[in-house]
Amino acid sequence: MRAVDIIQKKRDGEELGRDEIAFFVDGYTRGSIPDYQASAFTMAVFFEGMTPAETVALTESMMRTGEVLDLSDLPGPRVDKHSTGGVGDKTSLILAPLAAAAGAYVPMISGRGLGHTGGTLDKLESIPGFRVGLSLKEFRQTLRKCGLGLIGQTPEIAPADRKLYALRDVTATVESLPLIASSIMSKKMAEGIDALILDVKTGDGAFMKKFEDSKALAEAMVRIGRGMGKKVSALITDMEQPLGRTVGNALEVKESVETLRGHGPKDLESLSLELAAWMLHLGGIAPGLDAARTRVRDALASGAGLRKFQEVIGLQGGDPRVGDDTSRLPQARETIELRSEAEGRVAGIACRAVGRAAMLLGAGRETVDSRIDPAVGVVLHKKVGDPVREGEGLMTLHVNERGRLEEATALLRQAVRIAREAPPASPLVRLVLDR
Ligand code: URA
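Now for a look at the structure at hand. In this text, all values refer to a predicted model and were calculated from it rather than measured experimentally.

Rules used throughout
Residues numbered from 1 in each chain as written. Predicted model: local features only at pLDDT ≥ 70, side-chain atom pairs only at ≥ 80, totals over all residues. Heavy atoms only, no water. Helix = DSSP H or I, 4+ residues; strand = E, 2+ residues; numbered from the N terminus. Rg over C-alpha atoms; globule rule 2.2 N^0.38 Å. Areas by Shrake-Rupley, 256 points an atom, 1.4 Å probe, with all protein chains shown as cover. Lys, Arg positive; Asp, Glu negative; His and termini not counted. Charge placed at Lys NZ, Arg CZ, Asp CG, Glu CD. Near = heavy atom within 4 Å. Polar contact = N/O pair within 3.5 Å; in protein donor to acceptor, adjacent residues only side chain to side chain. Nonpolar A, V, L, I, M, F, W, Y, C, P; charged D, E, K, R; others polar. Pairing = 2+ DSSP bridges. Buried < 20%, exposed > 50% of the residue type's maximum accessible area, 1.4 Å probe, protein only. Contact = heavy atoms within 4.5 Å. Phe/Tyr/Trp six-rings, centres within 6.5 Å; stacked < 30°, edge-to-face > 60°. Axes fitted to C-alpha atoms, helices over the stretch in contact; angles between N-to-C directions. Parallel < 35°, antiparallel > 145°, perpendicular 65-115°, else oblique. Left-handed = near helix turned anticlockwise from the far one by under 90°. Salt bridge = Lys/Arg side-chain N within 4 Å of Asp/Glu carboxyl O.

1. Concerning the overall build of the chain
When its secondary structure is counted, the chain shows 16 helices and 13 strands. Scaling as 2.2 N^0.38, a compact globule of 435 residues should have a C-alpha radius of gyration of about 22 Å, and the chain matches this with 22 Å. Summing over all exposed atoms, the chain offers an accessible surface of approximately 17,600 Å²; the carbon and sulfur share of this is 50%. Looking at charge distribution, the chain has the averaged site of its 58 positive side-chain charges lying 3 Å from that of its 59 negative ones.

Okay, structure coming up:
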């Protein structure tokens, strides 16, 4: 078999076989196929697409270049959630402990934030002492002890994707549906899970802005997961405004703790509960979705979810007292109020701009090697539909460095649209893909 023939076949719009895809992925990962041929291949896929069978084969090949966790020794269903990322999306910190408290095993391998989006690992690392870099052995021990483990991607998981994603980033081939879907699913399927709920975001703050694109991505990922014998469903959820009221790492951990105490913002609480319920439902832990919803609501109301969060924090080297006293989290030196210059209702909050402003304050990464400041970010006092008076606080900025403050403030000012009337709020869950 020769790489050039595989590239040519894809370039000409023909369907590749499993063996050809595996040959290419293995060869590229081991270094026998060079970057220039892999670039041509990804560009051919970008233009010609892939059939569902090819996409499953690509996912499996990438997954098999690394370790696939075998967690079959755990005495219960292994379930996870994956989100395509957004602004203020801290549901993982809430739903993972809730699902674990309700009987699931949650082996969650998460990513870092980039650009306007935040990452679960960065949020967790704002908890003093928290280690996301556990070895796979420690990860298993943590999972066995408390039903939950929260780590970052290790070099052993899907190394082909790591190499290919970096290449796509510099060859303008990231935005290809089969490549995105197989990249995400190769990492998730390596977690050794039985079931997965996907939270595919749609709207201004999402990776996919258009609903139809989000739907196509969700369908592709569901098809891959099911093709690999797992229980997978997807929710397509709204990212037209930040989720909850905080954007920034320690601020988001604080809001997650408040939510686990039963005092969280409604949108964040309801999406976290819904996704956790889907985890239990797909994992077969509850007899149906309604029973699953009751189980996770009970785990919230009884405080079992919060206790589970504190337990995993302690097991992963962090300070579990943040669950009782969030002032133990990093705090910014200064807070600055942004006040409304108009009266009316909040008609829109440009989500991407809020994410970018938080990044400029230091809460996110402009490039992969930027440093994060865990304490900084933005707290929203108003959400879409809320009435606002002139001079009333719209947001509080938590600031350490003033270097890019002016740019961030200008973005935030423009981000909030105030009008006489507010549009009807769009539903948080836009579509469920369950078949
Ligand atoms: N996230 C991933 O993990 N892979 C992609 O290709 C895009 C987003």
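Moving on from the coordinates now.
2. A short note on the site of the ligand
Every residue lining the ligand is accounted for by Tyr165, Arg168, Ile180, Ser183, Ile184, Lys187 and Phe207. Lys187 has a polar side-chain atom sitting 2.5 Å from an oxygen atom of the ligand. If the ligand stood free it would expose 240 Å²; the protein chains cover 85% of that surface. Considering every element that reaches the shell around the ligand, the biggest residue donor is helix α9 (residues 177–189), with 4 residues. Here the residues of the shell around the ligand are counted per class, giving 4 nonpolar, 1 polar and 2 charged.

3. Considerations on the sheet that holds strand β11 (residues 393–399)
Strand pairing in a sheet relies on backbone hydrogen bonds. The paired strands run either parallel or antiparallel. Spatial ordering of the open sheet is given by β6-β9-β11-β7, a layout of 4 strands whose pairing is antiparallel. Edge strands, defined here as strands with exactly one partner in the open sheet, are β6 (246–247) and β7 (334–339). Of the strand pairs in this sheet, β7 and β11 are connected by 6 bridges, and their pairing is antiparallel. Within β11, the residue paired with Ile336 across the bridge is Leu397.

4. Some details on the pairing of strand β9 (residues 377–380)
Consecutive side chains of a regular strand alternate in pointing toward one face of the sheet and then the other. Residues Gly377 and Val379 line one face of β9 and the alternating positions Val378 and Leu380 line the opposite face, and both faces are buried. Both β6 and β9 contribute to a ladder of 2 bridges, which runs antiparallel. When the bridges of β9 are listed, Thr246 appears paired with Val379. Across 4 bridges, the pairing between β9 and β11 is antiparallel.

5. Structural notes on the side chain of Gln316
Within the secondary structure, Gln316 sits in the loop between α14 (304–315) and β7. The exposure class of Gln316 is buried, given its relative accessible area of 0%. A distance of 2.8 Å separates the side chain of Gln316 from the backbone oxygen of Leu150, its partner in a polar contact. In this view, Gln316 contacts Gly129, Phe130, Arg131, Val132, Leu134, Thr142, Gly149, Leu150 and Ile151; residues no more than four positions away in its chain are not counted.

6. Thoughts on the packing of aromatic side chains
Applying the stated criterion across every chain, the model contains 2 aromatic pairs. When the ring of Phe46 is compared with that of Phe47, the centres are 5.2 Å apart and the planes differ by 80°; the resulting orientation is edge-to-face.

7. Digging into the sheet that holds strand β12 (residues 416–419)
If you walk across this open sheet you meet the 3 strands as β10-β8-β12, and the pairing is antiparallel. Each having just a single partner strand, β10 (387–388) and β12 make up the two edges of the open sheet. Of the strand pairs in this sheet, strand β8 (residues 344–349) and β12 are connected by 4 bridges, and their pairing is antiparallel. Looking at β12, one finds that Arg345 is bridged to Ala419. Sitting on the sheet, helix α16 (residues 405–415) is in contact with β8 and β12, with an inclination near 35° to β12.

8. Quick look at the packing of helix α15 (residues 351–361) against α16
Where α15 contacts α16, the axes come no closer than 9 Å and their chain directions differ by 165°. In terms of orientation, α15 and α16 fall into the roughly antiparallel class. The two elements α15 and α16 meet at a crossing, and its hand is left-handed. Along its contact with α15, which presents Ala353, Val354, Arg356, Ala357, Leu360 and Leu361, the element α16 presents Leu405, Glu407, Ala408, Leu411, Leu412 and Ala415. When the residues that make up the contact of α15 with α16 are grouped by side-chain class, the tally is 10 nonpolar, no polar and 2 charged.

9. Re the pattern of salt bridges
Where charged atoms from two side chains of opposite charge approach closely, those side chains can pair. Inspection of every chain in the model, using the stated rule, returns 36 salt bridges. Between Glu20 and Lys9 there is a salt bridge, and its shortest N-O distance comes to 3.0 Å. Within this pair, whereas Glu20 is found in helix α2 (residues 18–30), its partner Lys9 is found in helix α1 (residues 3–11), the two being separated by 11 residues in sequence. Owing to a relative accessible area of 23%, Lys9 belongs among the partly exposed residues under this scheme. A salt bridge links Asp199 to Lys201; its shortest N-O distance comes to 2.8 Å. Like Lys201, Asp199 is buried. Salt bridges linked by common partners bring Arg112, Asp122, Glu125 and Arg365 together as one network.

10. Quick look at the environment of Glu343
You can see Glu343 is positioned in the loop between β7 and β8. Under the relative-accessibility criterion, Glu343 is labelled exposed at 56%. It is 24 Å that separates the C-alpha atoms of Glu343 and Asp267, two residues lying 76 residues apart in sequence.

11. Observations regarding unusual backbone geometry
With phi around 40°, Ala158 is a residue other than glycine that occupies positive phi space. Checked against the element boundaries, Ala158 lands in the loop between β3 (148–152) and α8 (159–169). Within the chain, Ala172 stands out as a residue other than glycine whose phi angle is a positive 55°. Position of Ala172 among the secondary structure elements: in the loop between α8 and α9.

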